Amino acid sequence: MNRPLRLACVVADMGPGGTERQIVELAQRLPRDRFRSDLIVLRPVDGEWLPPPGVGVRHLAMAAQAGSSLLVAATRSTRGVARYLRAVRAGHYDIVDAR
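Report on the accompanying structure. (Residues numbered from 1 in each chain as written. Predicted model: local features only at pLDDT ≥ 70, side-chain atom pairs only at ≥ 80, totals over all residues. Heavy atoms only, no water.)

Thoughts on the sheet that holds strand S1 (residues 5-11)
Selection criterion: Pairing between strands is defined by DSSP: at least two bridges between the two strands are required. Elements are defined by DSSP. Helices are runs of H or I of four residues or more, strands are runs of E of two residues or more, and each kind is numbered from the N terminus. Here the axes come from fitting lines to C-alpha atoms, over the contacting stretch only for helices, and the angles between their N-to-C directions go from 0 to 180 degrees. Contacts are residue-level and defined by heavy atoms, with any inter-residue pair within 4.5 Å sufficient.
An order of S3-S2-S1-S4 is seen for the four strands of this open sheet, with the pairing classed as parallel. Each end of this open sheet is capped by a strand with a single partner; those strands are strand S3 (55-59) and strand S4 (95-97). Sheet twist, expressed as the mean angle between neighbouring strand axes with direction ignored, is 20 degrees. Along the sheet, helix H3 (residues 78-91) makes contact with S1, strand S2 (35-41), S3 and S4, crossing S3 at roughly 150 degrees.

Side note on the pattern of salt bridges
Note the following rule: Think of a salt bridge as a Lys or Arg side-chain nitrogen and an Asp or Glu carboxyl oxygen that are within 4 Å of each other. We call a residue buried when its accessible area falls under 20% of the maximum for its residue type, exposed when it is over 50%, and partly exposed in between, using a 1.4 Å probe and counting protein chains only.
In the structure shown here, the tally under the stated rule is three salt bridges. Note that Asp38 and Arg6 form a salt bridge whose closest N and O atoms lie 3.0 Å from each other. Of the two residues, Asp38 sits in strand S2 while Arg6 sits in strand S1, which places them 32 residues apart along the sequence. Each of the two residues, Asp38 as well as Arg6, counts as buried. Residue Arg29 is joined to Glu25 by a salt bridge in which the shortest nitrogen-to-oxygen separation is 2.8 Å. One end of the pair, Arg29, and the other, Glu25, are both in helix H1 (residues 18-29), four residues apart, so they sit about a helical turn from each other.

Re the environment of Asp13
Its place among the elements puts Asp13 in the loop between S1 and H1. Placed 29 residues apart in sequence, Asp13 and Leu42 show a C-alpha to C-alpha distance of 6.0 Å.

Put into structure tokens, the structure is as follows:
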């Protein structure tokens, strides 16, 4: 039997937004025998919520920058990019969704 594919979804934060919850719902509903899902969370936010069991989380603790897209926020900080690359490498992911 083949091993499950390792999937990482990159999100800005775990705030109460709809996009983050949709990504978690998707990760939770993927067949566990075929996929292992993690979230890579770029920055902390007040009022964070935890994903359901079975969905891993890696917090990168990048500084929030008002009005910045995820790509701009990540590329502004050399340390942030290094943290992101370490997290992706450590997870041995087959698929990384970082839209």
